[in-house]
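Residue-level structural notes
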Amino acid sequence: MAAQLTFEELFDPEFLNALEAFNLRIKRFLREGRHGEQLTHDRGIGLEFKDFKQYVPGDDLRAVDWNIYRRLGRLFVHVFEEYQDLPLYLLVDRSKSMFLEETPRVHAALRSALALSSIALSQHDVVGLLSFSDDLEMHSRPVVGRRQLTTLARRMVELTEQNGTQLSSAVRQLALRKLRPGLLVVLSDFFDPDGLDPVMEALKSCRHKMLLVQLVKDLDSDPNTNAELVGDIRLVDCETSSAVDVTIDPAVLARYRRIYEEFNLQLTEFASGQGIGLIRVNADNDVLDQLGTLFETRAFVV
């Protein structure tokens, strides 16, 4: 088992300071919750004047511009742009496949989760932390305020290795919870023993906007990077303990690459077709550099 990520490794001041240049935005979300720093295009009493509109029964009389009424004899009301908070829900994969190898994917997942939390909390958004393996677990009810980042980081490093992957079940359980609609971020390798189809069906049933963070490694696309994958070997599933004997030759490697490419293409096409954000974070490389590029290009916006 890989070494557990420590609080000091995760809560790195240099990493956190570099996030100040980034801004987390989404294009739209439901009008619910208290005021924050996310701009909506809904009209109402808010923070910043936008326009006038003619009064209709039911409009707030406090918004009437009486100066215009005195000049024109007609009722107009002020229209404001309203700012609201964005609930951010982080769903972290704790299955065994996320904890493999010297540099496990879960380290990159937690750093990505902390980065998103830092940005969201600095904008007065609320953040909730959940995880899944065989079951869904909630580790933090939605919290708000920059000071909560330390608490979230401590809870993140407590996410130890569990067993199998039941992502579709976890998403369905989450969809049944009475959480305020927001942005759900799923951080996983998406290697579910049941395949992608039930996962995609479960994601369709979720009422939140979504961002999928797929944690990948160089070995995924190029098995040749593992010198042990030669000749006759036995492959053992780390989560189910099922085993298969295989002879590694060029034909087997070619078939594997084709299947892996199809897996990624299926996930990409699903996300694109459903209006879901999808980013791939290579756990072998610096997370901050990858997130920085995504934030600057807004490639992650859903």
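Quick summary incoming for the structure in this document. (Residues numbered from 1 in each chain as written. Predicted model: local features only at pLDDT ≥ 70, side-chain atom pairs only at ≥ 80, totals over all residues. Heavy atoms only, no water.)

Looking now at the sheet that holds strand β7 (residues 183-188). The sheet built from six strands is open, its strands ordered β6-β5-β4-β7-β8-β11 with mixed pairing. Both edges of this open sheet fall to β6 (136-144) and β11 (277-282), since each of them pairs with a single strand only. Looking at each pair of strands side by side, their axes are set apart by 15° on average, direction ignored. Here β7 pairs with strand β8 (residues 209-216) via six bridges, running parallel. Paired with Leu187 across the bridge in β8 is Val213. (Pairing = 2+ DSSP bridges. Helix = DSSP H or I, 4+ residues; strand = E, 2+ residues; numbered from the N terminus. Axes fitted to C-alpha atoms, helices over the stretch in contact; angles between N-to-C directions.)

On to the side chain of Ser133. Mapped onto the elements, Ser133 comes out in the loop between β5 (126-132) and β6. Within the structure, the side chain of Ser133 is placed 2.6 Å from the backbone oxygen of Gly164, a separation counted as a polar contact. Not counting the four nearest positions on each side in its chain, Ser133 is found in contact with Arg94, Ser95, Gln162, Asn163, Gly164, Thr165 and Gln166. (Polar contact = N/O pair within 3.5 Å; in protein donor to acceptor, adjacent residues only side chain to side chain. Contact = heavy atoms within 4.5 Å.)

Here the focus is the pattern of salt bridges. This model, assessed by the stated rule, comprises six salt bridges. Between Arg105 and Asp220 there is a salt bridge whose closest N-O contact spans 2.8 Å. In this pair, Arg105 is assigned in helix α4 (residues 105-122) and Asp220 in helix α8 (residues 218-221), connecting sequence segments 115 residues apart. For Asp220, a relative accessible area of 5% gives the class buried. (Salt bridge = Lys/Arg side-chain N within 4 Å of Asp/Glu carboxyl O. Buried < 20%, exposed > 50% of the residue type's maximum accessible area, 1.4 Å probe, protein only.)

Looking at the element boundaries, Leu5 is found in the segment before α1 (7-10). Other than its neighbours up to four places away in sequence, Leu5 contacts Leu10, His107, Leu110, Arg111 and Val157.

This part takes up helix α7 (residues 196-204). Residues Leu196, Val199, Met200, Ala202 and Leu203 constitute the buried set of α7. Mapping the buried residues of α7 onto a view down its axis gives an arc of 160°, with all of them on the same face. Of the surrounding elements, those touching the buried residues of α7 are α6 (167-176), β8 and α9 (250-274). (Arc of directions from axis to C-beta.)

So, on to the packing of α7 against α9. Helix-helix packing is described using two parameters, namely the angle between the two axes and the distance between the axes. Two elements in contact, α7 and α9, have axes separated by 11 Å at closest approach and are oriented at 15°. Put simply, α7 runs roughly parallel to α9. Once α7 is placed against α9, the crossing between them reads as right-handed. Mapping the contact onto sequence places Leu196, Asp197, Met200, Leu203 and Lys204 in α7 and Phe263, Gln266, Leu267, Phe270 and Gln274 in α9. Of the residues belonging to the contact of α7 with α9, the class tally is six nonpolar, two polar and two charged. (Parallel < 35°, antiparallel > 145°, perpendicular 65-115°, else oblique. Left-handed = near helix turned anticlockwise from the far one by under 90°. Nonpolar A, V, L, I, M, F, W, Y, C, P; charged D, E, K, R; others polar.)

A separate point is the packing of aromatic side chains. Going through the model one piece at a time under the given rule, you end up with four aromatic pairs. Ring geometry for Tyr260 versus Phe263: centroids 6.4 Å apart, planes at 20°, classification stacked. Taken as a pair, Tyr260 and Phe263 lie in helix α9 at a separation of three residues, close to a single helical turn. Grouping residues by exposure puts Tyr260 and Phe263 together as buried. A connected cluster of aromatic rings, assembled from ring pairs, spans Phe191, Tyr256, Tyr260 and Phe263. One Lys or Arg, Arg154, reaches over the ring of Phe7 and ends 4.0 Å from the middle of that ring. (Phe/Tyr/Trp six-rings, centres within 6.5 Å; stacked < 30°, edge-to-face > 60°. Lys NZ or Arg CZ within 6 Å of the ring centre and 35° of its normal.)

Turning our eyes to something else, we now look at unusual backbone geometry. With a phi close to 75°, Glu101 is a non-glycine residue in the positive phi region. Mapped onto the elements of the fold, Glu101 is located in the loop between β4 (88-93) and α4. Even without being a glycine, Ser241 presents a positive backbone phi close to 65°. By secondary structure assignment, the location of Ser241 is in the loop between β9 (231-236) and β10 (243-248). For Ser241, a relative accessible area of 58% corresponds to the exposed category.

Keep in mind these values describe shape, not function.
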